[in-house]
Amino acid sequence: MAFTARMREIVPGLYLGNVEASYKRDMLRKNCINAIVSLTDARWVWWNSTTREAGIPEHCHKWIQCADSSTQDLLAYMSDICDFIDQMASPTLRLSSTLPVENELELSGKPHDTHSGAILIHCDLGISRSPTIIIAYLMRKYGATREDVLTFVQSKQKVKPSANFTRQLQVWEQVGYQVWENKEKTIPKAQYRAFLDDRAALLKRKGLTGNEPLAPQSL
(Lines give C-alpha, C1' and ligand atoms only; values in the text may rest on other atoms or scores of the structure.)
Protein backbone atom coordinates (compact mmCIF):
# COMPACT_ATOMS: atom_id res chain seq x y z
CA MET A 1 0.00 0.00 0.00
CA ALA A 2 2.89 2.37 0.73
CA PHE A 3 3.81 2.48 -2.96
CA THR A 4 0.26 2.70 -4.35
CA ALA A 5 -0.55 6.12 -5.79
CA ARG A 6 -2.77 7.93 -3.32
CA MET A 7 -3.81 11.43 -2.35
CA ARG A 8 -6.24 12.74 0.25
CA GLU A 9 -7.91 16.14 0.48
CA ILE A 10 -6.97 17.75 3.80
CA VAL A 11 -8.89 20.99 3.32
CA PRO A 12 -10.78 22.02 0.16
CA GLY A 13 -8.17 22.79 -2.47
CA LEU A 14 -5.21 21.20 -0.67
CA TYR A 15 -4.22 17.54 -1.07
CA LEU A 16 -1.63 15.35 0.66
CA GLY A 17 -0.12 12.52 -1.34
CA ASN A 18 2.82 10.28 -2.06
CA VAL A 19 5.32 10.45 -4.91
CA GLU A 20 3.45 7.94 -7.07
CA ALA A 21 0.39 10.20 -7.09
CA SER A 22 2.46 13.12 -8.39
CA TYR A 23 2.96 11.51 -11.79
CA LYS A 24 -0.37 9.71 -12.25
CA ARG A 25 -1.96 11.89 -14.92
CA ASP A 26 -5.46 10.45 -14.48
CA MET A 27 -5.37 10.98 -10.72
CA LEU A 28 -4.07 14.52 -11.08
CA ARG A 29 -6.82 15.36 -13.54
CA LYS A 30 -9.55 13.61 -11.54
CA ASN A 31 -8.72 15.72 -8.48
CA CYS A 32 -8.25 18.92 -10.54
CA ILE A 33 -4.63 19.32 -9.39
CA ASN A 34 -3.18 22.42 -11.04
CA ALA A 35 -0.09 22.91 -8.84
CA ILE A 36 2.34 20.60 -7.04
CA VAL A 37 4.88 20.94 -4.24
CA SER A 38 7.41 18.07 -4.31
CA LEU A 39 9.53 17.36 -1.22
CA THR A 40 11.83 14.53 -2.21
CA ASP A 41 15.42 13.58 -2.96
CA ALA A 42 14.44 12.52 -6.48
CA ARG A 43 15.47 14.44 -9.59
CA TRP A 44 13.29 17.14 -11.15
CA VAL A 45 13.60 15.48 -14.57
CA TRP A 46 11.31 12.69 -13.37
CA TRP A 47 8.29 15.00 -13.51
CA ASN A 48 9.01 17.18 -16.55
CA SER A 49 6.98 15.32 -19.17
CA THR A 50 4.32 13.84 -16.91
CA THR A 51 3.19 17.04 -15.22
CA ARG A 52 3.16 18.98 -18.47
CA GLU A 53 0.99 16.31 -20.07
CA ALA A 54 -1.35 16.63 -17.09
CA GLY A 55 -1.62 20.36 -17.74
CA ILE A 56 0.70 21.52 -14.94
CA PRO A 57 3.34 23.94 -16.28
CA GLU A 58 6.78 24.19 -14.72
CA HIS A 59 6.01 27.45 -12.89
CA CYS A 60 3.17 25.67 -11.05
CA HIS A 61 5.47 22.94 -9.71
CA LYS A 62 7.70 23.83 -6.75
CA TRP A 63 10.40 21.24 -6.13
CA ILE A 64 12.42 21.13 -2.89
CA GLN A 65 15.14 18.52 -2.93
CA CYS A 66 15.24 17.26 0.64
CA ALA A 67 15.69 14.09 2.67
CA ASP A 68 13.59 12.59 5.45
CA SER A 69 16.55 12.74 7.80
CA SER A 70 17.51 13.74 11.32
CA THR A 71 19.36 16.82 10.03
CA GLN A 72 17.18 18.07 7.18
CA ASP A 73 16.20 21.72 7.65
CA LEU A 74 12.74 22.46 6.22
CA LEU A 75 12.35 25.72 8.15
CA ALA A 76 14.57 27.49 5.63
CA TYR A 77 11.96 26.77 2.93
CA MET A 78 8.69 27.06 4.84
CA SER A 79 7.87 30.71 4.17
CA ASP A 80 8.58 30.37 0.44
CA ILE A 81 6.49 27.20 0.18
CA CYS A 82 3.59 28.77 2.08
CA ASP A 83 3.79 31.81 -0.20
CA PHE A 84 3.70 29.51 -3.24
CA ILE A 85 0.63 27.71 -1.91
CA ASP A 86 -1.10 31.04 -1.33
CA GLN A 87 -0.18 32.12 -4.86
CA MET A 88 -1.58 28.93 -6.41
CA ALA A 89 -4.57 28.56 -4.09
CA SER A 90 -8.08 28.13 -5.47
CA PRO A 91 -10.72 30.69 -4.46
CA THR A 92 -12.13 28.14 -2.01
CA LEU A 93 -8.80 27.71 -0.24
CA ARG A 94 -7.92 31.39 -0.46
CA LEU A 95 -11.18 32.55 1.12
CA SER A 96 -11.32 30.00 3.94
CA SER A 97 -10.55 31.53 7.32
CA THR A 98 -10.79 28.63 9.79
CA LEU A 99 -10.08 24.92 9.84
CA PRO A 100 -13.13 23.24 8.34
CA VAL A 101 -15.60 21.51 10.62
CA GLU A 102 -16.17 17.85 9.76
CA ASN A 103 -18.81 17.55 7.02
CA GLU A 104 -19.52 21.28 7.06
CA LEU A 105 -19.74 21.43 3.26
CA GLU A 106 -22.31 18.66 3.19
CA LEU A 107 -24.30 20.20 6.02
CA SER A 108 -24.30 23.63 4.40
CA GLY A 109 -25.45 22.24 1.08
CA LYS A 110 -22.75 24.19 -0.75
CA PRO A 111 -21.17 22.38 -3.71
CA HIS A 112 -17.53 21.39 -3.55
CA ASP A 113 -15.61 23.72 -5.86
CA THR A 114 -13.24 21.18 -7.43
CA HIS A 115 -13.17 22.87 -10.82
CA SER A 116 -11.26 25.86 -9.45
CA GLY A 117 -8.20 23.66 -9.02
CA ALA A 118 -6.23 22.21 -6.15
CA ILE A 119 -2.65 21.85 -4.93
CA LEU A 120 -0.90 18.55 -4.22
CA ILE A 121 1.79 18.47 -1.52
CA HIS A 122 3.76 15.24 -1.61
CA CYS A 123 6.96 13.54 -0.46
CA ASP A 124 7.89 9.89 -0.96
CA LEU A 125 5.29 8.24 1.28
CA GLY A 126 3.17 11.21 2.39
CA ILE A 127 3.89 10.49 6.05
CA SER A 128 6.52 12.96 7.32
CA ARG A 129 7.87 15.70 5.02
CA SER A 130 4.71 16.66 3.14
CA PRO A 131 2.45 16.56 6.24
CA THR A 132 4.99 18.80 7.97
CA ILE A 133 4.59 21.40 5.23
CA ILE A 134 0.80 21.12 5.19
CA ILE A 135 0.71 21.55 8.97
CA ALA A 136 3.04 24.55 8.73
CA TYR A 137 0.85 26.12 6.05
CA LEU A 138 -2.41 25.60 7.93
CA MET A 139 -0.84 26.95 11.14
CA ARG A 140 0.17 30.13 9.31
CA LYS A 141 -3.06 30.49 7.35
CA TYR A 142 -5.42 30.02 10.27
CA GLY A 143 -3.21 31.13 13.18
CA ALA A 144 -3.83 27.71 14.73
CA THR A 145 -1.62 25.81 17.16
CA ARG A 146 0.60 22.96 16.05
CA GLU A 147 -1.32 20.51 18.23
CA ASP A 148 -4.72 21.53 16.82
CA VAL A 149 -3.55 21.34 13.20
CA LEU A 150 -1.74 18.03 13.71
CA THR A 151 -4.89 16.54 15.24
CA PHE A 152 -6.95 17.86 12.35
CA VAL A 153 -4.60 16.49 9.68
CA GLN A 154 -4.40 13.12 11.44
CA SER A 155 -8.20 12.96 11.35
CA LYS A 156 -7.95 13.08 7.55
CA GLN A 157 -4.89 10.90 6.95
CA LYS A 158 -2.52 8.82 9.06
CA VAL A 159 0.66 10.91 9.27
CA LYS A 160 3.66 11.02 11.58
CA PRO A 161 6.16 13.87 11.17
CA SER A 162 9.59 12.82 12.41
CA ALA A 163 11.02 14.10 15.69
CA ASN A 164 13.22 16.48 13.69
CA PHE A 165 10.29 17.96 11.77
CA THR A 166 8.11 18.06 14.90
CA ARG A 167 10.69 20.26 16.56
CA GLN A 168 10.78 22.48 13.48
CA LEU A 169 7.00 22.92 13.67
CA GLN A 170 7.44 23.96 17.31
CA VAL A 171 10.02 26.54 16.22
CA TRP A 172 7.69 27.67 13.40
CA GLU A 173 5.01 28.40 15.99
CA GLN A 174 7.42 30.14 18.36
CA VAL A 175 8.75 32.53 15.69
CA GLY A 176 5.30 33.48 14.43
CA TYR A 177 5.70 31.69 11.07
CA GLN A 178 8.80 33.64 10.03
CA VAL A 179 12.26 32.31 10.94
CA TRP A 180 14.25 35.35 9.79
CA GLU A 181 14.83 38.67 11.54
CA ASN A 182 15.48 40.55 8.28
CA LYS A 183 14.12 40.69 4.72
CA GLU A 184 17.45 39.45 3.33
CA LYS A 185 16.98 36.19 5.27
CA THR A 186 20.48 36.28 6.71
CA ILE A 187 19.74 36.71 10.43
CA PRO A 188 17.79 33.83 12.03
CA LYS A 189 15.50 34.49 14.96
CA ALA A 190 16.69 33.18 18.32
CA GLN A 191 14.61 30.00 18.27
CA TYR A 192 15.72 29.16 14.73
CA ARG A 193 19.34 29.89 15.62
CA ALA A 194 19.07 27.45 18.55
CA PHE A 195 17.75 24.80 16.15
CA LEU A 196 20.57 25.50 13.68
CA ASP A 197 23.17 25.24 16.46
CA ASP A 198 21.79 21.88 17.58
CA ARG A 199 21.69 20.73 13.97
CA ALA A 200 25.32 21.75 13.43
CA ALA A 201 26.34 19.78 16.52
CA LEU A 202 24.45 16.72 15.26
CA LEU A 203 26.06 17.01 11.84
CA LYS A 204 29.49 17.20 13.46
CA ARG A 205 28.81 14.05 15.49
CA LYS A 206 27.76 12.29 12.29
CA GLY A 207 30.86 13.50 10.46
CA LEU A 208 28.74 15.49 7.98
CA THR A 209 28.96 19.06 6.76
CA GLY A 210 25.42 19.38 5.40
CA ASN A 211 22.30 17.34 4.75
CA GLU A 212 22.73 13.64 4.03
CA PRO A 213 23.67 12.97 0.40
CA LEU A 214 20.78 13.44 -2.02
CA ALA A 215 20.11 11.97 -5.43
CA PRO A 216 22.41 13.20 -8.22
CA GLN A 217 21.13 16.39 -9.83
CA SER A 218 22.30 15.55 -13.33
CA LEU A 219 21.91 12.52 -15.57
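Residues numbered from 1 in each chain as written. Predicted model: local features only at pLDDT ≥ 70, side-chain atom pairs only at ≥ 80, totals over all residues. Heavy atoms only, no water.

Keep this limit in mind: UniProt positions are given in the numbering used here, feature names are shortened, and annotations may be inferred rather than shown by experiment.
An unreviewed UniProt entry lists the protein under the name protein-tyrosine-phosphatase, with Aspergillus bertholletiae as the source organism. The Sequence similarities (unreviewed entry) field of the UniProt record for the protein holds the comment "Belongs to the protein-tyrosine phosphatase family. Non-receptor class dual specificity subfamily."

## Overview of helix α9 (residues 190–206)
Spelled out, the test is: Where helices and strands are cited, they refer to DSSP runs of H or I of at least four residues and of E of at least two residues respectively, numbered from the N terminus. Here a helix's expected span is defined as the number of its residues, less one, multiplied by 1.5 Å. Relative accessible area decides the class of each residue, using a 1.4 Å probe on protein chains only: under 20% of the type maximum gives buried, over 50% gives exposed, and in between gives partly exposed. This arc corresponds to the set of directions leading from the helix axis out to the C-beta atoms. What makes two residues a contact is simply this: any of their non-hydrogen atoms within 4.5 Å.
With 17 residues, α9 extends 24 Å between its outermost C-alpha atoms, agreeing within 8% with the 24 Å of an ideal straight helix rising 1.5 Å per residue. Within the span of α9, buried status applies to Tyr-192, Phe-195, Leu-196, Arg-199 and Leu-203. Seen from one end, α9 has its buried residues packed into an arc of 100°, which puts them on one side. Exposed residues lying more than 90 degrees from the buried face of α9 are Ala-190, Lys-204 and Arg-205. Those residues of α9 that are buried are in contact with α3 (75–88) and α8 (163–174). Backbone geometry just after α9 places Gly-207 at a positive phi near 75°.

## A closer look at the confidence of the model for the protein
To keep it simple, the criterion reads: Residue-level confidence of the predictor is summarised by pLDDT, bounded by 0 at the bottom and 100 at the top.
Overall, the prediction assigns the protein a mean pLDDT of 87, with 83% of residues at 70 or greater. Contacts for the low-pLDDT stretch residues 105–111, under 50 throughout, to residues beyond four places or in other chains number 4 contacts. pLDDT under 50 marks residues 215–219. Its contacts with residues more than four places away, or in other chains, come to 9 contacts.

## Notes on the packing of α3 against α8
For any two helices packed against each other, one specifies the crossing angle of their axes together with the interaxial distance. Convention followed: Here, axes are lines fitted to C-alpha atoms. For helices the fit covers the stretch in contact, and angles between N-to-C directions go from 0 to 180 degrees. By the definition used in this description, the sense in which the near helix is turned from the far one sets the handedness, with an anticlockwise turn below a right angle giving left-handed and a clockwise turn giving right-handed. For this classification, the nonpolar set comprises Ala, Val, Leu, Ile, Met, Phe, Trp, Tyr, Cys and Pro, the charged set comprises Asp, Glu, Lys and Arg, and every other residue, Gly included, is treated as polar.
Where α3 meets α8, the axes come as close as 10 Å, and the angle between the chain directions of the two elements is 60°. You can see that α3 and α8 cross each other, and the crossing is right-handed. Here Leu-75, Met-78, Ser-79 and Cys-82 of α3 lie close against α8, whose contacting residues are Gln-168, Leu-169, Val-171 and Trp-172. Among the residues forming the contact of α3 with α8, the class breakdown is 6 nonpolar, 2 polar and no charged.

## Side note on the environment of Gln-168
Looking at the element boundaries, Gln-168 is found in helix α8. Judged by relative accessible area, which is 0%, Gln-168 ranks as buried. Distance in space between the C-alpha atoms of Gln-168 and Asp-73 is 8.0 Å, their sequence separation being 95 residues. In this view, Gln-168 contacts Gln-72, Asp-73, Leu-74, Leu-75 and Phe-195; residues no more than four positions away in its chain are not counted.

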